[in-house]
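Chain by chain, the residues:
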Amino acid sequence: MSRKKTPKSKGGSAPATSALPATHGSQPVRPGTARPGPEAPPNRPPQPGRSSLGGGGDFYDVAFKVMLVGDSGVGKTCLLVRFKDGAFLAGTFISTVGIDFRNKVLDVDGMKVKLQIWDTAGQERFRSVTHAYYRDAHALLLLYDVTNKASFDSIQAWLTEIQEYAQHDVVLMLLGNKVANGCLQEYGLPFMETSAKMGLNVDLAFMAIAKELKQRCMKAPSEPRFQLHDYIKREGRGASCCKP
Ligand SMILES: Nc1nc2c(ncn2[C@@H]2O[C@H](COP(=O)(O)OP(=O)(O)OP(=O)(O)O)[C@@H](O)[C@H]2O)c(=O)[nH]1
Ligand SMILES: [Mg+2]
């Protein structure tokens, strides 16, 4: 499989007024089959198959879009910054406006898997912006704050929204951020407790998504199926559990 190196890109953001993302269903974007094209403008999501998906300055074999969703204040931006930069955004809470993204390339069993991670605004007034991005997402990380019951109570509403706007085969994982004890099996989703502050299970959450996505499009018939539930149960640190 061919590999690609494209100009460095830290990420970008799309204001509430930005155009809709291009539609490509839930097909992964492989550099080897990419159409040539200019970099997408920084305030718009990249077009499928264009070199902008290669931003980040790294070679990659396959690219996927991952979206972070959940109520305002649950820690989506902090989780992404922790994953991308290994740092915790302490201090004043600055709510995301519109939508923002960062790229990161992971080595998944010898293959370079690029995740383009979209950080959405949890505030209600940006909900229509978020809706427009669901259809392009290959995976969704739904976050709630384990110290905020209201954010937990919102899970069902988020799931309803996901069902309405996302692809039917989207990979979905629930993350209880700001870590506490206990297990959650209620929604039957792969689940982990994370802490953007302490870095708990953050890399693992994204790696689990990358492994699942990579296997969905690359698995050889003889290869055993990747078990997302088993993987996060086995590899998760601290309190983590999932549906058997
Ligand atoms: N203790 C603790 N605080 C956290 C953690 N993650 C985020 N926070 C804090 O929670 C607040 C909100 O974090 P953000 O990441 O900005 O929340 P968000 O989900 O992006 O919010 P919106 O952009 O409004 O949707 C900030 O004050 C963070 O410092 C965590 O794991 N532990
Ligand atoms: Mg945010």
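As the structure is a computational prediction, the values presented were derived from the model and not from experiment.

## What to know about the side chain of E161
Then step 1. Relative to the elements of secondary structure, E161 occurs in helix α4 (residues 155–165).
Then step 2. Of the side chains bearing the opposite charge, R127 lies closest to the buried E161, which forms no salt bridge; the N-O distance is 4.2 Å.
Then step 3. In contact with E161, not counting residues within four places along its chain, are R127, H131, Y134 and A166.

## A look at helix α6 (residues 228–235)
Then step 1. Taken as a whole, α6 has its buried residues at L228, Y231 and I232. Taken end-on, α6 shows its buried residues confined to a sector of 90°, consistent with a single buried face.
Then step 2. Summarising the contacts, the buried residues of α6 are in contact with β6 (171–177), β7 (191–193) and α5 (202–218).

## Thoughts on the site of ligand 1
Then step 1. Around ligand 1 sit 21 residues, and of these S72, K76, S95, T96 and G122 come closest.
Then step 2. Backbone polar atom of G75 to an oxygen atom of ligand 1: 3.0 Å apart, as the coordinates give it.
Then step 3. N177 is positioned such that a nitrogen or oxygen atom in its side chain is 3.2 Å from a nitrogen atom of ligand 1.
Then step 4. For ligand 1, whose unbound accessible area comes to 660 Å², protein coverage reaches 87%.
Then step 5. When residues of the shell around ligand 1 are assigned to their parent elements, the largest contribution, three residues, is made by helix α1 (residues 76–85).

## Some words on the packing of α5 against α6
For any two helices packed against each other, one specifies the crossing angle of their axes together with the interaxial distance.
Then step 1. For the pair α5 and α6, the least separation of the axes is 10 Å and the interaxial angle reads 155°. Classified by the angle their axes make, α5 and α6 are roughly antiparallel. α6 is crossed by α5, and the crossing has right-handed handedness. Contacts between α5 and α6 involve L204, M207, A208, K211 and E212 from the first element and L228, Y231, I232 and E235 from the second.
Then step 2. Residues of the contact of α5 with α6, tallied by class, amount to six nonpolar, no polar and three charged.

## Some thoughts on the confidence of the model for the protein
Then step 1. Taken over all residues, the pLDDT of the protein has a mean of 78, while the share at 70 or more is 71%.
Then step 2. pLDDT under 50 marks residues 30–56. Its contacts with residues more than four places away, or in other chains, come to 71 contacts.
Then step 3. Quick note on the complex model: pTM equals 0.79, ipTM equals 0.99.

## Some thoughts on the packing of aromatic side chains
Then step 1. Counting across every chain of the model gives seven aromatic pairs.
Then step 2. Here F101 and W118 contribute two aromatic rings whose centre-to-centre distance is 4.8 Å and whose plane-to-plane angle is 40°, an arrangement assigned as tilted. Of this pair, F101 sits in strand β3 (residues 99–108) while W118 sits in strand β4 (residues 111–120), placing them 17 residues apart in sequence.
Then step 3. With a relative accessible area of 8%, F101 lands in the buried category.
Then step 4. By relative accessible area, which is 3% here, W118 ends up buried.
Then step 5. Cation over ring: K104 sits above F83, and NZ or CZ is 4.5 Å from the ring centre.
Then step 6. Just above the ring of Y60 sits the side chain of K114; from NZ or CZ to the centre is 5.5 Å.

## As for the pairing of β4
Then step 1. Along β4, nine of the ten residues are buried, which leaves the element largely enclosed by surrounding structure.
Then step 2. In this structure, strand β2 (residues 62–69) lies alongside β4, joined through seven bridges in parallel fashion. By the bridge assignment for β4, V66 is matched with I117.
Then step 3. Between the antiparallel neighbours β3 and β4 lie two residues, among them D109 with a positive phi of about 50°.

Conventions we followed
Residues numbered from 1 in each chain as written. Chains lettered and ligands numbered in written order. Predicted model: local features only at pLDDT ≥ 70, side-chain atom pairs only at ≥ 80, totals over all residues. Heavy atoms only, no water. Helix = DSSP H or I, 4+ residues; strand = E, 2+ residues; numbered from the N terminus. Buried < 20%, exposed > 50% of the residue type's maximum accessible area, 1.4 Å probe, protein only. Lys, Arg positive; Asp, Glu negative; His and termini not counted. Salt bridge = Lys/Arg side-chain N within 4 Å of Asp/Glu carboxyl O. Contact = heavy atoms within 4.5 Å. Arc of directions from axis to C-beta. Near = heavy atom within 4 Å. Polar contact = N/O pair within 3.5 Å; in protein donor to acceptor, adjacent residues only side chain to side chain. Areas by Shrake-Rupley, 256 points an atom, 1.4 Å probe, with all protein chains shown as cover. Axes fitted to C-alpha atoms, helices over the stretch in contact; angles between N-to-C directions. Parallel < 35°, antiparallel > 145°, perpendicular 65-115°, else oblique. Left-handed = near helix turned anticlockwise from the far one by under 90°. Nonpolar A, V, L, I, M, F, W, Y, C, P; charged D, E, K, R; others polar. pLDDT = per-residue confidence, 0-100. Phe/Tyr/Trp six-rings, centres within 6.5 Å; stacked < 30°, edge-to-face > 60°. Lys NZ or Arg CZ within 6 Å of the ring centre and 35° of its normal. Pairing = 2+ DSSP bridges.

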